[in-house]
Amino acid sequence: MKLVFLGAPGAGKGTQAKLLSDELSLAHISTGEMLRAAVKAQTTLGKQVGDIMDSGQLVPDNLIVSLIKERVKETDCQQGYILDGFPRTVPQAESLAEMLSNQGESITSVVLFDVTEEDVLARLKHRQETEGRADDTVEVQMERLRVYRELTAPLIDYYKKTNLLKTIEASGSIEEVYSKLLSALK
Ligand code: AMP
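What you see is a predicted model, and the numbers here were worked out from it, not measured in a lab.

## Topic: the layout of surface pockets
Using a probe with the size of a water molecule, rolled over the atoms, empty space left in the structure can be pinpointed.
(1) Moving on: In this structure, the second largest pocket encloses a volume near 150 Å³.
(2) Moving on: Class assignment for the residues of the lining of the second largest pocket results in 9 nonpolar, 1 polar and 3 charged.

## Here we look at the sheet that holds strand S4 (residues 109-114)
(1) Moving on: A sheet is described by the order of its strands in space; here 5 strands give the open sequence S2-S3-S1-S4-S5, paired in parallel fashion. Edge positions in the open sheet fall to strand S2 (27-30) and strand S5 (165-169), since each of these has one partner strand only. The mean inter-strand angle of the sheet, taken between neighbouring strand axes irrespective of direction, is 20°.
(2) Moving on: Of the strand pairs in this sheet, S4 and S5 are connected by 5 bridges, and their pairing is parallel. What sits directly across from Asp 114, in S5, is Glu 169.
(3) Moving on: Packing against the sheet, helix H9 (residues 174-185) makes contact with strand S1 (2-7), S4 and S5, and its axis sits at approximately 155° to S5.

## Here we look at the pattern of salt bridges
Between side chains of opposite charge, a pair can form when the charged atoms approach closely.
(1) Moving on: Under the definition given, this model contains 9 salt bridges.
(2) Moving on: Note that Glu 105 and Lys 2 form a salt bridge whose closest N and O atoms lie 3.5 Å from each other. With Glu 105 in the loop between helix H5 (90-102) and S4 and Lys 2 in strand S1, this residue pair connects regions lying 103 residues apart in the sequence.
(3) Moving on: On the accessibility criterion, Glu 105 (33% relative accessible area) is partly exposed.

## So, the nonpolar core
(1) Moving on: Judged by nonpolar contacts, the single largest core of 51 residues is most densely connected at Phe 5, Tyr 81, Leu 96, Phe 113, Tyr 159 and Leu 181.
(2) Moving on: Those residues in contact with Phe 113, other than ones at most four positions away along the chain, are Phe 5, Leu 6, Gly 7, Ala 11, Lys 13, Gln 16, Ile 168, Ala 170, Val 177 and Leu 181.

## Some thoughts on the site of the ligand
(1) Moving on: Close contacts around the ligand come from 16 residues, with Thr 31, Gln 57, Gly 85, Gln 92 and Arg 144 the closest.
(2) Moving on: Between a nitrogen atom of the ligand and a main-chain N or O atom of Gly 85, the distance comes to 2.9 Å.
(3) Moving on: In the model, an oxygen atom of the ligand is placed 2.9 Å from a nitrogen or oxygen of the Arg 88 side chain.
(4) Moving on: Isolated, the ligand exposes 480 Å² of accessible area, and the fraction of that covered by the protein chains is 95%.
(5) Moving on: In terms of residue count, helix H2 (residues 31-41) provides more of the shell around the ligand than any other element does, 4 residues in total.
(6) Moving on: Here the residues of the shell around the ligand sort into 6 nonpolar, 5 polar and 5 charged.

Rules and cut-offs
Residues numbered from 1 in each chain as written. Predicted model: local features only at pLDDT ≥ 70, side-chain atom pairs only at ≥ 80, totals over all residues. Heavy atoms only, no water. 1 Å grid on protein atoms, 1.4 Å probe; cavity = no way out; pocket = protein on both sides within 12 Å on 5 of 7 lines; lining within 4 Å. Points joined across faces, edges and corners; volume = space filled by probe spheres on them. Nonpolar A, V, L, I, M, F, W, Y, C, P; charged D, E, K, R; others polar. Pairing = 2+ DSSP bridges. Helix = DSSP H or I, 4+ residues; strand = E, 2+ residues; numbered from the N terminus. Axes fitted to C-alpha atoms, helices over the stretch in contact; angles between N-to-C directions. Contact = heavy atoms within 4.5 Å. Salt bridge = Lys/Arg side-chain N within 4 Å of Asp/Glu carboxyl O. Buried < 20%, exposed > 50% of the residue type's maximum accessible area, 1.4 Å probe, protein only. Core = buried A, V, L, I, M, F, W, Y, C linked by side-chain atoms within 4.5 Å. Near = heavy atom within 4 Å. Polar contact = N/O pair within 3.5 Å; in protein donor to acceptor, adjacent residues only side chain to side chain. Areas by Shrake-Rupley, 256 points an atom, 1.4 Å probe, with all protein chains shown as cover.

See below:
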């Protein structure tokens, strides 16, 4: 099973991906977490992307695609995986499709976590208070939402055309959204 989780920052993708990956023994691949780890460890990649992430912009497609290509080769991905935060642009989605088709594989489903901007802002505010991420200040949050609308939201139409898209209304509690997720994947 190869799943893509799509949705605005703060839509709850990460929380739901953790729950589902545990239940189904899938690898949880969060590009945001991988990049934050690289920044923390001050790797070559980390040094390249730190400022970009802090400003709310997207890291260049080629860097992210290379990161994903290496990550999916790891043994924990053999049972399948959840891509959380990738792809985030149409070119990234095209690279993913090409990578999988070269291996004779394809995406099983794309889940869109649909939330209102009001909910997203409330969740981001809560996350800032509890996690204190450098890219969660109000200005950066607004920029990340703008980038989502401009570069990531076009993926909704992209995946609608492939018939892979399952949309979940994701404003409820963690438990409510998780049960909708399980139903959508049945
Ligand atoms: P996230 O934790 O998914 O919200 O990601 C945090 C930040 O990492 C984003 O604001 C981007 O700067 C960067 N990032 C994560 N995933 C991607 C991606 N697929 N493409 C480009 N940049 C990304």
